[in-house]
Structures are given as structure tokens and as C-alpha cells.
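Geometric and topological summary
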Amino acid sequence: MRRYLITGASRGIGRAIAEKLAGEDTVLLLHGRDTVALAQTRKAVEPRCARVILLAHDLAKHSGVSDLIAEVGNEPIDLLVNNAGVAVVKPFTEITTIEWEQTVGVNITAPFLLTQRFAPRLPPGSSIVNILSVAAKSGFANWSAYCMSKFALEGFSQSIREELRDRKIRVINIYPAATDTEIWDSIQGKWPRQKMISPKDIASAVAYALSRPADVALENITLSSLAGNL
Ligand code: NAP
């Protein structure tokens, strides 16, 4: 039985990854905050996997991350998907300290703590998937907090990839351009949602990278929309 932990699986890209990776020999540990949305993900994947465990914790707080880790327990996992993320989009002069710290907490500190906890016990041939963004490589006006967090996660990911290489653990970084999820609902402005990538296409890229032979690392995947990125 393989145990997969996916953060932010209550909606969007995380849910699409859960749906894609569900399999008869798979226990899915699905994290989110919204228990109603998490239950909907469970409903979608449950018929196709061995077991589903729901983990509802706020990753903006260290205590939330610790509680998640405690709930997962000592049984090792075979895959960690660091997907949960927040986007604060506004001129940098208007970003509050709380918004900055929440961005750091969810987008940087939580993946750091989860990776630190689970990577040492991942078996050889297993993987860590980090959902980054094209905003991990370029700055965008009004996206300074978000870009800061994704640049930071990029540096962390690249470094731990080298630390884990000898143990045959693959660190797979995914860089989606704008993807049609609810993250855009709370971002001010008119966004061409119909031009955006589907979360299912991100999930397919993750599944493809994971399906490579264990000694092959498909390390970085950038997905953009041919209909035009933002
Ligand atoms: P989404 O639909 O808004 O989903 C975000 C997920 O993160 C939800 O499951 C949410 O849980 C969870 N989350 C947010 N804040 C949290 C917190 N404080 N504690 C615990 N969980 C929290 O967004 P998405 O587009 O799928 O984003 C998923 C990842 O893809 C993020 O890392 C994002 O940066 C990245 N990404 C997205 C795009 C895009 O255009 N959509 C592009 C590039 C990269 P609840 O809803 O249950 O609270």
C-alpha cells in the first residue's frame, strides 16, 4: 500500500492531483482547511482508492503544521505533495504584516516543516512534489509577496534536491502559469479564466513525472497556456 500526502487537496490543483493519483493500492492523506470541500474531494476519490484520511489544519500557524504532522503519525509516507498556497495580490505598499506572514507561513514554512519531517523516512525511489509557479522565476507587478514566497520555495527545493539525490529521492518542481482555480476568485481584477490552464492538466504533469522509472528524475515542469498567459 502506498501512502500519499497532498496538502491543499480540498480544491483546485490539489484536488485534481488527488483525483489523478487515486488508485486501488493507494492511501490518500488529504489536507485542507475547509472540511466541507475536503469531504467533496473524498467523495470523488474514495471509490478508486484503498483509503482516504482527511486532515484539516491551518498551515499558516506552526501549531497547525505540528498538528498535521502528529495526525499523520509515524507510519512513513511514499509521496509528499506541497501544494497548499495563498496569493496576496496588491501593491507592495499595501501589504499588511499579517498578509506577509500568512504568505510566508503557508507558502514557505509549511512546506519546509513538512519536508523536514517526512523526507528522512521516504523510501528510495519516492518523490517530493512542490507546486511552485511561474512566479518562482519572474517578478510580476502587485505579486511581490507571492513571488517572494515562490522564489524562496524554489531555492529550498533546488537545495534539498541535491541533499536527497544520494538517497534516490526525487524532488519534482512544477511551475504552472495561470490555472483556473478558486484562487482567482479573491484576486481583484478581470482575469481571462477561459484562457487559463485546467488543474487537471497540472495533475497529469505530476502523474507523468511520478510515472518515470525510479532512477529518472523529471525535475522541473513548466506549464503555460497557448491561449496566452497573463
Ligand atoms: P486554491 O484553489 O485556492 O486552493 C488552495 C489550497 O490551499 C486549498 O486547498 C486551501 O485549503 C489550501 N490553503 C490555503 N491557505 C491555507 C492555510 N492557511 N492552511 C491550510 N491550507 C490552506 O488554489 P490553487 O490554484 O489550487 O493553488 C494550489 C497551489 O498552486 C498553490 O501553491 C498556488 O500557489 C499554486 N499555483 C496556482 C496557480 C493558479 O493560477 N491557480 C498558478 C501557479 C501556481 P482550504 O480552501 O480548505 O482552506
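This write-up is about the structure you can find in this document. What you are looking at is a predicted structure, and each value in this text was computed from that prediction instead of being measured. (Residues numbered from 1 in each chain as written. Predicted model: local features only at pLDDT ≥ 70, side-chain atom pairs only at ≥ 80, totals over all residues. Heavy atoms only, no water.)

With that settled, consider empty space enclosed by the protein. Under the counting rule described, the total for this entry stands at 1 cavity of 30 Å³ or more. Asn-82, Asn-83, Ala-84, Val-106 and Pro-111 are the residues nearest the centre of the largest cavity, which is lined by 13 residues in total. Contributions of two or more residues to the lining of the largest cavity are made by α4 (97-118) and α5 (144-164). In terms of residues, the lining of the largest cavity owes the most to one element, α4, which gives 5 residues. (1 Å grid on protein atoms, 1.4 Å probe; cavity = no way out; pocket = protein on both sides within 12 Å on 5 of 7 lines; lining within 4 Å. Points joined across faces, edges and corners; volume = space filled by probe spheres on them. Helix = DSSP H or I, 4+ residues; strand = E, 2+ residues; numbered from the N terminus.)

So, on to the packing of aromatic side chains. Two aromatic rings are characterised by how far apart their centres lie and by the angle between their planes. Scanning all chains against the criterion turns up 5 aromatic pairs. An angle of 75° between the planes, with centres 6.4 Å apart, marks the rings of Trp-143 and Trp-191 as edge-to-face. In this pair, Trp-143 is assigned in the loop between β5 (127-131) and α5 and Trp-191 in the loop between β6 (170-176) and α6 (199-210), connecting sequence segments 48 residues apart. Ring centres 4.9 Å apart and planes at 55° place the aromatic pair Trp-184 and Trp-191 in the tilted group. The exposure class assigned to Trp-191 is partly exposed, which follows from its relative accessible area of 26%. The rings of Trp-143, Tyr-146, Trp-184 and Trp-191 are connected pair by pair, giving a single aromatic cluster. The ring centre of Tyr-175 lies 4.1 Å from the NZ or CZ of Lys-137, which sits over that ring. Lying across the ring of Tyr-208, Arg-212 places its NZ or CZ 4.0 Å from the centre. (Phe/Tyr/Trp six-rings, centres within 6.5 Å; stacked < 30°, edge-to-face > 60°. Buried < 20%, exposed > 50% of the residue type's maximum accessible area, 1.4 Å probe, protein only. Lys NZ or Arg CZ within 6 Å of the ring centre and 35° of its normal.)

Turning our eyes to something else, we now look at the pairing of strand β2 (residues 26-32). β2 sits mainly inside the fold: 7 of its 7 residues count as buried. Burial along β2 is two-sided: Thr-26, Leu-28, Leu-30 and Gly-32 facing one way and Val-27, Leu-29 and His-31 facing the other are all buried. In this sheet, β2 lies alongside strand β1 (residues 2-6) in parallel orientation, the contact comprising 5 bridges. Along β2, the bridge assignment pairs Arg-2 with Thr-26. Read from β1 through helix α1 (residues 12-21) to β2, the crossover connection turns out right-handed. (Pairing = 2+ DSSP bridges. Right-handed = clockwise from strand over helix to strand, strands pointing away.)

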